[in-house]
Amino acid sequence: MQKTQRSVVELSAQIVAAQASHKMMSANDIAESLRAVFQVLQEIQGGDNGVYEDTALHDSLAYMRRHPLASIQRNQVICLESGKAYKLLSNRHLALYGLTPREYKKKWGIPMTMPLSARSLTNRRRKLAKELGMGKQLAVWRAQRKRVAV
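Residues numbered from 1 in each chain as written. Predicted model: local features only at pLDDT ≥ 70, side-chain atom pairs only at ≥ 80, totals over all residues. Heavy atoms only, no water.

**As for the overall build of the protein chain**
Looking only at helices and strands, the protein chain has 7 helices and 4 strands in total. Taken from the N to the C terminus, the helices and strands of the protein chain come in the order β-α-α-β-α-β-β-α-α-α-α. Working note: accessible area of the protein chain is about 11200 Å², and carbon and sulfur atoms make up 55% of it. (Helix = DSSP H or I, 4+ residues; strand = E, 2+ residues; numbered from the N terminus. Areas by Shrake-Rupley, 256 points an atom, 1.4 Å probe, with all protein chains shown as cover.)

**Focus on the pattern of salt bridges**
Under the counting rule described, the total for this entry stands at 1 salt bridge. Here Lys 107 ties to Glu 81 by a salt bridge, and the two come within 2.8 Å at their closest N and O atoms. With Lys 107 in helix 5 (residues 101-108) and Glu 81 in the loop between strand 3 (77-78) and strand 4 (85-86), this residue pair connects regions lying 26 residues apart in the sequence. Residue Lys 107 is classed as partly exposed on the basis of its relative accessible area, which comes to 49%. (Salt bridge = Lys/Arg side-chain N within 4 Å of Asp/Glu carboxyl O. Buried < 20%, exposed > 50% of the residue type's maximum accessible area, 1.4 Å probe, protein only.)

**So, the side chain of Glu 81**
Separated by 2.9 Å, the side chains of Glu 81 and Trp 108 make a polar contact. Contacts of Glu 81, omitting those with residues within four sequence positions, involve Arg 65, Tyr 97, Leu 99, Tyr 104, Lys 107 and Trp 108. (Polar contact = N/O pair within 3.5 Å; in protein donor to acceptor, adjacent residues only side chain to side chain. Contact = heavy atoms within 4.5 Å.)

**Examining the confidence of the model for the protein chain**
Averaged over all residues, the pLDDT of the protein chain is 84; the fraction at 70 or higher stands at 87%. Within the model, the stretch residues 1-5 combines pLDDT values under 50 with 11 contacts to residues more than four positions away or in other chains. (pLDDT = per-residue confidence, 0-100.)

**Describing helix 1 (residues 8-22)**
Helix length check: helix 1, at 15 residues, gives a terminal C-alpha distance of 22 Å against a target of 21 Å (1.5 Å per residue), a fit within 8%. Every buried residue belonging to helix 1 is among Val 8, Leu 11, Ser 12 and Val 16, and all of these are buried. All buried residues of helix 1 lie within an arc of 125 degrees about the axis, which places them on one face of the element. (Expected span 1.5 Å × (residues − 1). Arc of directions from axis to C-beta.)

**Considering a nonpolar patch on the surface**
Where nonpolar side chains cluster on the molecular surface, the patch consists of Leu 128, Leu 132 and Met 134 and spans about 290 Å² of accessible area. Relative to the elements of secondary structure, Leu 128 occurs in helix 6 (residues 119-131). For Leu 128, a relative accessible area of 46% puts it in the partly exposed group. (Patch = residues over 30% accessible without salt bridge, like charges linked within 9 Å, V, L, I, M, F, W, Y side chains within 5 Å.)

**So, the nonpolar core**
Most often, soluble globular proteins keep nonpolar side chains buried together rather than apart. Grouped together as the largest cluster of nonpolar side chains are 13 residues, with contacts concentrated most on Leu 89, Tyr 104, Ile 110 and Leu 116. Look past the residues within four positions of Ile 110 in its chain and what remains in contact with it is Pro 68, Leu 69, Ile 72, Tyr 104, Lys 105 and Leu 116. By size, the runner-up hydrophobic cluster in this structure holds 5 residues, among which are Val 8, Val 16, Val 37 and Leu 41. (Core = buried A, V, L, I, M, F, W, Y, C linked by side-chain atoms within 4.5 Å.)

Structure, rendered in structure tokens:
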């Protein structure tokens, strides 16, 4: 679901058009009403940038940027730089924004131990690694390396 944005002007016009369709208004009444509605909407919004965002913030990039751990989902990872969904945030993709995975995690407050891949992909890789005995092989390799270093 994409975030829908409508300008305050569009919202004002829609509100005044709805009012005008239900009661008789002169051109001056419409203009005055449009100014008043526009001003009220700007005050409600806080006068940021003239854009009103729908309440579906959970699916928006703005929400993801405020809550970066929510960008790592079951079947996708939302890139907080581009807003696009991927199965895995690769080094190559992050390089487009001048970032390494470590810098990306630091910038957005993601734990260094958390993978930048969809949870389903991470679980599939973990299961495969266990089946192949990679943890045991790594332990053996580390023990051998430690003996050689001493």
